[in-house]
Amino acid sequence: MTQRVAIGADHGGFPLKAELVPWLRESGYEVLDLGAETLVPTDDYPDYALAVAGAVASGKAQRGIIICGSGVGACIVANKVSGVRACPCHDTYSAHQGVEHDDMNVLCLGARVVGGALAREVVEAFLKAEFLNEERFKRRLQKVLDIESRNMVKKKGG
Ligand code: RB5
């Protein structure tokens, strides 16, 4: 069961993060808010995406949510961190199926793509989903992990 959720957003995602954080806390999740703390129109999505991805990769949080304007930049950055499987999802099917089949552990949202109500439904589908421990999904995940270990440099101690 997901308990701790790391969340981060640049200026493009800041208003949606401000809406989601209190709602997540009211829903019973422990939220690790990794910024931005204020709306800074010149800030850069890689900084927040890396912070969230690092928290998930290190086990400080079980799941991560990164919000930028489109969800795309956040996803590009997060997938460069070993152990992170991130994707932009703006529909509930992808949000739960991505966890169930692919063990997605970071959800990327585009605040210029979805409104708050849909974002909450997508986040709920993502956080409530669990990886399905079935042979075919485990086999495919192992192939993903093998590709990762052949192509990504692991950080010392991580
Ligand atoms: C920022 O204006 C915007 O480019 C960023 O939030 C994001 O959409 C990048 O993918």
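Preceding this section is the structure that the text describes.
Fair warning: this is a prediction, and the values are worked out from it, not measured in the lab. (Residues numbered from 1 in each chain as written. Predicted model: local features only at pLDDT ≥ 70, side-chain atom pairs only at ≥ 80, totals over all residues. Heavy atoms only, no water.)

A.B. asks: So what's going on with the overall build of the protein? Which residues, and what values?
C.D. replies: Scanning the protein from N- to C-terminus turns up six helices and five strands. Starting at the N terminus and walking to the C terminus, you meet the elements of the protein as β-α-β-α-β-α-β-α-β-α-α. Projected onto the principal axes, the alpha-carbon positions of the protein cover approximately 40 × 30 × 25 Å. Looking at the protein as a whole, 44% of its 158 residues are labelled buried. Across the protein, every contact between residues at least 6 apart in sequence was considered, and the portion connecting residues at least 24 apart equals 69%. Of the roughly 8,300 Å² that the protein leaves accessible, carbon and sulfur atoms contribute 53%. Across the protein, the 19 positively charged side chains and the 20 negatively charged ones have centroids separated by 7 Å. (Helix = DSSP H or I, 4+ residues; strand = E, 2+ residues; numbered from the N terminus. Buried < 20%, exposed > 50% of the residue type's maximum accessible area, 1.4 Å probe, protein only. Contact = heavy atoms within 4.5 Å. Areas by Shrake-Rupley, 256 points an atom, 1.4 Å probe, with all protein chains shown as cover. Lys, Arg positive; Asp, Glu negative; His and termini not counted. Charge placed at Lys NZ, Arg CZ, Asp CG, Glu CD.)

A.B. asks: An account of the nonpolar core is requested, with residue identities and associated values reported.
C.D. replies: Grouped together as the largest cluster of nonpolar side chains are 26 residues, with contacts concentrated most on Leu24, Ile65, Leu109 and Val123. Elements with a contribution of two residues or more to this core: β1 (4-9), α1 (14-26), β3 (63-68), α4 (92-102), β5 (106-110) and α5 (116-128). For this core, the element with the highest residue contribution is α5, accounting for six residues. Formed by 18 residues, the second largest nonpolar core is a distinct cluster that contains Ala6, Val56, Ala61 and Ile66. (Core = buried A, V, L, I, M, F, W, Y, C linked by side-chain atoms within 4.5 Å.)

A.B. asks: Which residues make up the site of the ligand, and what are the values?
C.D. replies: Taken together, Asp10, His11, Tyr45, Cys68, Gly69, Ser70, Gly73 and Arg112 form the complete shell of residues around the ligand. Between the ligand and Asp10 there is a distance of 2.6 Å, counted from an oxygen atom to a side-chain nitrogen or oxygen. Look at the ligand: alone it shows 300 Å² of surface, and the protein chains cover 72% of it. Among the residues forming the shell around the ligand, the class breakdown is two nonpolar, four polar and two charged. (Near = heavy atom within 4 Å. Polar contact = N/O pair within 3.5 Å; in protein donor to acceptor, adjacent residues only side chain to side chain. Nonpolar A, V, L, I, M, F, W, Y, C, P; charged D, E, K, R; others polar.)

A.B. asks: Pulling in residues and values, what's your account of the sheet that holds strand β2 (residues 30-33)?
C.D. replies: Read from one edge to the other, the open sheet built from five strands follows the order β2-β1-β3-β5-β4, with strand pairing classed as parallel. Two strands bound the open sheet, and with one partner strand each, they are β2 and β4 (86-88). Looking at each pair of strands side by side, their axes are set apart by 20 degrees on average, direction ignored. Alignment of β1 against β3, held across five bridges, turns out to be parallel. (Pairing = 2+ DSSP bridges. Axes fitted to C-alpha atoms, helices over the stretch in contact; angles between N-to-C directions.)

A.B. asks: Account for the environment of Glu134, with residues named and values stated.
C.D. replies: Tracing the sequence through the fold places Glu134 in the loop between α5 and α6 (135-151). We classify Glu134 as partly exposed; its relative accessible area is 32%. Distance from Glu134 to Gly83, taken between C-alpha atoms, is 20 Å for residues 51 residues apart in sequence. Engagement of the side chain of Glu134 in a polar contact is seen with the side chain of Arg136, the distance being 2.6 Å.

A.B. asks: Break down the pattern of salt bridges for me, citing the residues and quoting the values.
C.D. replies: Following the criterion strictly, the structure yields seven salt bridges and no others. With a shortest N-O distance of 2.9 Å, Arg4 and Glu30 are connected by a salt bridge. Of this pair, Arg4 sits in strand β1 while Glu30 is found in strand β2, placing the two residues 26 residues apart along the sequence. Accessibility expressed as a relative area gives 45% for Glu30, which makes it partly exposed. Linking Arg120 and Glu19 is a salt bridge whose minimum nitrogen-to-oxygen distance equals 2.9 Å. One end of the pair, Arg120, is in helix α5; the other, Glu19, is in helix α1, and 101 residues separate them in sequence. What makes Arg120 partly exposed here is its relative accessible area of 26%. Residue classification places Glu19 among the partly exposed positions, given a relative accessible area of 35%. (Salt bridge = Lys/Arg side-chain N within 4 Å of Asp/Glu carboxyl O.)

These values are about where atoms sit, not about what they do.
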